[in-house]
There are 2 protein chains.
Amino acid sequence: MSVKNEMIKNLNEKECLEDFQTLQNKKELASSWFKELRDKICNSFEDVENKKMYKKRKISFDQNKWERDGGGGGIISIMRGNVFEKVGVNISTVHGEFSNEFRQQIPGAEEDGLFWASGISVVSHMCNPHVPAAHMNTRMLVTGKGNKKKIWFGGGGDLTPTFKDIKSSNIFHQELKNTCDKYDPSYYPRFKSWCDEYFYLPHREESRGVGGIFLDYLCNEDWERDLSFIKDIGLTFLNSYLKIIQNRLSKEFTQKDRDFQLVKRGRYVEFNLLYDRGTIFGLKTGGNTEAVLMSLPPKVSWY
Amino acid sequence: MSVKNEMIKNLNEKECLEDFQTLQNKKELASSWFKELRDKICNSFEDVENKKMYKKRKISFDQNKWERDGGGGGIISIMRGNVFEKVGVNISTVHGEFSNEFRQQIPGAEEDGLFWASGISVVSHMCNPHVPAAHMNTRMLVTGKGNKKKIWFGGGGDLTPTFKDIKSSNIFHQELKNTCDKYDPSYYPRFKSWCDEYFYLPHREESRGVGGIFLDYLCNEDWERDLSFIKDIGLTFLNSYLKIIQNRLSKEFTQKDRDFQLVKRGRYVEFNLLYDRGTIFGLKTGGNTEAVLMSLPPKVSWY
């Protein structure tokens, strides 16, 4: 059984009988964590940016709030600087009803299509081609009505260097592995494979980057422990990426390196628009276009 | 009934009883026309490019031949210059068997999936943001086995200015209309609407450009007349686009205009990777990746 099917099965076997207040608490715990993590990430990235500042003006994230027609909304935070060419941190908490087309694809939504979702998503494209691009997303999902709710977490993080960069890849993978191992020794190998499988461009026969972890339908007996794991993924992503940035930031680059970075970013765009579930799903279910496409790099080339 | 459904119905009602030699002749007439048109277009574009030449070296198209695993192949011609930032002209003649996934989507391929296809595709992205980008494609398709072949033409052309440019849009539409009207007064209004409907980005609530014509499943009693119409579309595209280039080429532009052009090109990429049938179909049926993605602009920005 594939990791995905195994996790969906796990999810289906544990339909939770939640009273309203318990569920409400969980929703609030998760969504306020995503907000807290957003602040941690934005503050850390602003610190990095302003240490390398060329201008007197402090460079910081701009925030843009959006509301969803069907219910809920989110905040896009974007910073454009001299270290981070473009970094976006989105948080959103939305609810509503999936269209018939999508109900069959989401566990628990088959019957009435009702859903609640909250999450954070980070994508950074860097000025220096020697600093890898990075992506992290964690989210909580609730589907179904009445007492038969399905509740789960999903997410992951992955790294996209322009050039071969074993040291950065090792830091990223090792720290994610350490975090996974604290919860379950089977997590890292399973979620690493899932990530490799997911971030692959068949038409190029290329991986998008050097991977990381990818998971969905995470739903163990101990919900608090799952939330704690999801929190640790976010913190591990932040800490390991800050180390990678520090290691690589002062490495000099040529125009040729930069040109190659822009071509490599083309593959990022191809992946996101052709294959990424979140992007296609977001755009085709009336998600916020600016928030969904925040992931696209600021400058791109196709030869 | 929509134009599309009406044309598919038209196609289904006229399954042609072709003997092998008649069909072979038609295939050769069409594919040699696409080659002839490729040469006309490349020669005309090279002339434009070299009139504005800044260097002594003549700028010309590079050709790259590719072969298809399943049968047939094509030639990609690309020129990068000081007028044409990147212009690609692909011709291809391929045959084989559609995978089960795609058989249901192609008239005549439901039973055995056999197909033969030949066509030309042109996409030009210009250095000067005041010169619109343009796209043209014409093709002949044959599906089915034995005597029950379906044979049809498809194609069209459309224009994508960066800025409002009524004069260019009028030239393009008027010349396409004149050509359509010579064959059937219902063609232009039907194929213009189809084009407007097709080149639309729902997630942006924007059109890709100012349209043109789009048609498929063209199959009248008089096959030679259909081929003549398809030929005229190619020539009309070339002549009207050359006029537009001449009109706009000397218009001065600023860095801000250029930046806006690169953002506008982002929409072009979004359309092609998220919605374009040819692109998605090509990539997911093992088409030649370089040929399929030849359409992507050389430099692009997302804000």
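Notes on the structure in this doc start here. The model shown is predicted, which means the values in this text are computed figures rather than measured ones. (Residues numbered from 1 in each chain as written. Chains lettered and ligands numbered in written order. Predicted model: local features only at pLDDT ≥ 70, side-chain atom pairs only at ≥ 80, totals over all residues. Heavy atoms only, no water.)

### Here's the deal with the overall build of chain A
Along chain A, the regular secondary structure elements total nine helices and eleven strands. A globule of 303 residues ought to have a C-alpha radius of gyration of about 19 Å, and chain A, at 19 Å, matches this closely. Residue burial in chain A is summarised as follows: out of 303 residues, 60% are buried. Once local pairs closer than 6 in sequence are excluded, the contacts in chain A between residues at least 24 apart make up 68%. (Helix = DSSP H or I, 4+ residues; strand = E, 2+ residues; numbered from the N terminus. Rg over C-alpha atoms; globule rule 2.2 N^0.38 Å. Buried < 20%, exposed > 50% of the residue type's maximum accessible area, 1.4 Å probe, protein only. Contact = heavy atoms within 4.5 Å.)

### Things to note about the packing of aromatic side chains
Across all of its chains, the model carries 38 aromatic pairs over all chains by this definition. For the pair Phe199 of chain B and Phe271 of chain B, a centre-to-centre distance of 5.3 Å together with 45° between the ring planes defines the contact as tilted. With Phe199 of chain B in the loop between helix 5 (187-198) and strand 8 (200-201) and Phe271 of chain B in helix 7 (residues 255-274), this residue pair connects regions lying 72 residues apart in the sequence. Taken together through their ring pairs, the aromatic side chains of Trp194, Tyr198, Phe199, Phe214, Phe271 and Tyr275 of chain A make up a single cluster. Above the face of the Tyr268 of chain A ring, Arg208 of chain A is positioned so that its terminal group lies 4.0 Å from the ring centre. The side chain of Arg80 of chain B reaches across the aromatic face of Tyr303 of chain A, ending 3.7 Å from its centre. (Phe/Tyr/Trp six-rings, centres within 6.5 Å; stacked < 30°, edge-to-face > 60°. Lys NZ or Arg CZ within 6 Å of the ring centre and 35° of its normal.)

### Re the interface of chain A and chain B
Interface size, as often reported, equals the accessible area lost upon joining of the parts. Each partner contributes to the interface: chain A provides 23 residues, whereas chain B provides 23 residues. Together, the buried faces of chain A and chain B total about 2200 Å²; carbon and sulfur atoms form 58% of this surface. At the boundary of chain A with chain B, the tally comes to two salt bridges. Of all the secondary structure elements, the ones that give two or more residues to the side of chain A that touches chain B are helix 7 (255-274), helix 8 (277-284), helix 9 (289-292) and strand 11 (299-301) of chain A. (Buried area = accessible area lost by both parts, 1.4 Å probe. Salt bridge = Lys/Arg side-chain N within 4 Å of Asp/Glu carboxyl O.)

### Concerning the relation of the copies chain A and chain B
The two copies are related by a screw motion: chain A maps onto chain B through a turn of 180° and a shift of 0.0 Å along the axis, at an RMSD of 0.0 Å. On the angle and the small slide along the axis, the relation comes out as a two-fold axis. Within chain A, Val300 of chain A has its C-alpha nearest the rotation axis, a separation of 2.5 Å. Same-surface contact between copies: 100% of interface residues of chain A are shared with the interface of chain B. (Least-squares fit on C-alpha atoms with pLDDT ≥ 70 in both.)

### Topic: the pairing of strand 5 (residues 114-126) of chain A
Residue and element names in this part refer to chain A. Counted residue by residue, strand 5 has twelve buried out of 13 residues, so it is predominantly covered. By the bridge criterion, 13 bridges tie strand 4 (residues 84-97) to strand 5 in an arrangement that is antiparallel. Residue pairing across strands places Glu97 opposite Leu114, the latter belonging to strand 5. Judged from the ten bridges that link them, strand 5 and strand 6 (residues 133-143) form a sheet pairing that is antiparallel. Its bridge partner being in strand 6, Ser118 is matched across the sheet by Met140. (Pairing = 2+ DSSP bridges.)

### Regarding the nonpolar core
Membership of the largest hydrophobic core comes to 183 residues, with the highest contact counts inside it found for Phe45 and Phe84 of chain A together with Phe45 and Phe84 of chain B. Considering every element that reaches this core, the biggest residue donor is helix 6 (residues 223-248) of chain A, with eleven residues. (Core = buried A, V, L, I, M, F, W, Y, C linked by side-chain atoms within 4.5 Å.)

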